[in-house]
Amino acid sequence: MSCLNGTSLTPISFILNGIPGLEEVHLWISFPLSTMYCIALTGNFGLMYLIYSEEVLHRPMYIFLALLSFTDVLMCTSTLPNTLCILWFNLKEIDFKACLAQMFFVHTFTGMESGVLMLMALDRYVAICYPLRYATILTNAVIAKAGLLTFLRGVLLVIPFTFLTKRLPYCRGNIIPHTYCDHMSVAKISCGNVRVNAIYGLMVALLIGGFDILCITGSYTMILRAVVSLSSADARQKAFSTCTAHICAIVITYVPAFFTFFTHRFGGHTIPPHIHIIMANLYLLTPPTMNPIVYGVKTKQIRDSVIRLLFKGKDKSANKISK
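Residues numbered from 1 in each chain as written. Predicted model: local features only at pLDDT ≥ 70, side-chain atom pairs only at ≥ 80, totals over all residues. Heavy atoms only, no water.

1. Observations concerning the environment of Ile-39
Here comes step 1: In this structure, Ile-39 sits in helix H1 (residues 26-53).
Here comes step 2: Once the C-alpha coordinates of Ile-39 and Thr-289 are considered, the two residues, 250 residues apart in sequence, prove to be 5.9 Å apart.
Here comes step 3: If we ignore the near neighbours within four places in the chain, the residues touching Ile-39 are Thr-289 and Ile-293. (Helix = DSSP H or I, 4+ residues; strand = E, 2+ residues; numbered from the N terminus. Contact = heavy atoms within 4.5 Å.)

Below is the structure:
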């Protein structure tokens, strides 16, 4: 086969086939995806700038939010430019090593997204259950170490994906029915035994997603107990309101993630491939698109900071004109 590298069964490149069955409407599908990507970049960069420039937002909750925005940008950028090249220009070929690199970044950043949501749940737990010790527990050093450990956890657990995928023989061809290189999508076109890949993929999902969901559930259980015990209805409402945006972010992230994960492993014959691929793209695009909107709408401090920043800009413009 011309796609194979010498006498080995390692392909020189893969062909990402886009969304099988919907080739005729690839261009139309690209419009909502590209719009969501632009909104995600604008919203997350804007949120990071706002948190950086407004001193009132230099608190652990918003530092974690900035980390979430940074992760969101990296997560959607790891796939969307390549996906849009397929949908717009029919540029489907991707180098084998570039495919492995994309696979590494996709899974690392999705794991980091989950980890940051877990850290944000712990932040809310400390803020509500230990308000007097909040500033002493969540210092800048603790936040930096937590962010670094979350990143290293993703990297160390995802690195074996590249080696497990690279060792497989690809004698069935090099066409991947997807818009980007996902671990199991690449492994499934191999003619080798992918049981180790499937088992390790499940183990990583449990070590990252399962552990994070367990911590989030535990945090909100403690938060609920603490809030219910408050005597004042206003205090209960205020405590709940600080968690609303984060709960929305959890739902936005984990619902499409669970759908993608379970359909990949258990629903391959019952769910049409194009539905799975569209959901896999939305899984990487919806959280980056919606998180800045949700936090902007639900968080009063962010709304106030946006208004302050806008009026500050208008005041500067007015002063320049008057001079």
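2. Some details on the UniProt feature "transmembrane region" (unreviewed entry) in the protein chain
Here comes step 1: Per the UniProt record, the feature "transmembrane region" (unreviewed entry) sits at residues 27-50, 62-89, 101-122, 134-159, 198-227, 239-262 and 274-295.
Here comes step 2: This span, residues 134-159, is 92% helix and 0% strand, and a straight line between its end C-alpha atoms measures 35 Å.
Here comes step 3: This span, residues 239-262, is 100% helix and 0% strand, and a straight line between its end C-alpha atoms measures 34 Å. (UniProt positions renumbered as here; feature names shortened; annotations may be inferred.)

3. Overview of helix H3 (residues 80-89)
Here comes step 1: Those residues of H3 not exposed but buried are Leu-80, Thr-83, Leu-84, Ile-86 and Leu-87. The buried residues of H3 occupy an angular sector of 155° when the element is viewed end-on, so they sit on one face.
Here comes step 2: Contacts made by the buried residues of H3 are with strand E1 (13-16), H1, helix H2 (60-77) and helix H10 (273-298).
Here comes step 3: Just downstream of H3, Asn-90 is the residue with a positive phi angle, here 60°. (Buried < 20%, exposed > 50% of the residue type's maximum accessible area, 1.4 Å probe, protein only. Arc of directions from axis to C-beta.)

4. Considering the sheet that holds strand E3 (residues 175-176)
Here comes step 1: Ordered by their spatial adjacency, 3 strands build an open sheet running E2-E1-E3, and the pairing between neighbours is mixed. Here the strands that pair on one side only, and so sit at the sheet edges, are strand E2 (93-95) and E3.
Here comes step 2: Across 2 bridges, the pairing between E1 and E3 is parallel. Counted as the bridge partner of Ile-15 is Ile-175 from E3.
Here comes step 3: Set on the sheet, helix H4 (residues 96-129) makes contact with E1, E2 and E3; between it and E2 the angle comes to about 85°. (Pairing = 2+ DSSP bridges. Axes fitted to C-alpha atoms, helices over the stretch in contact; angles between N-to-C directions.)

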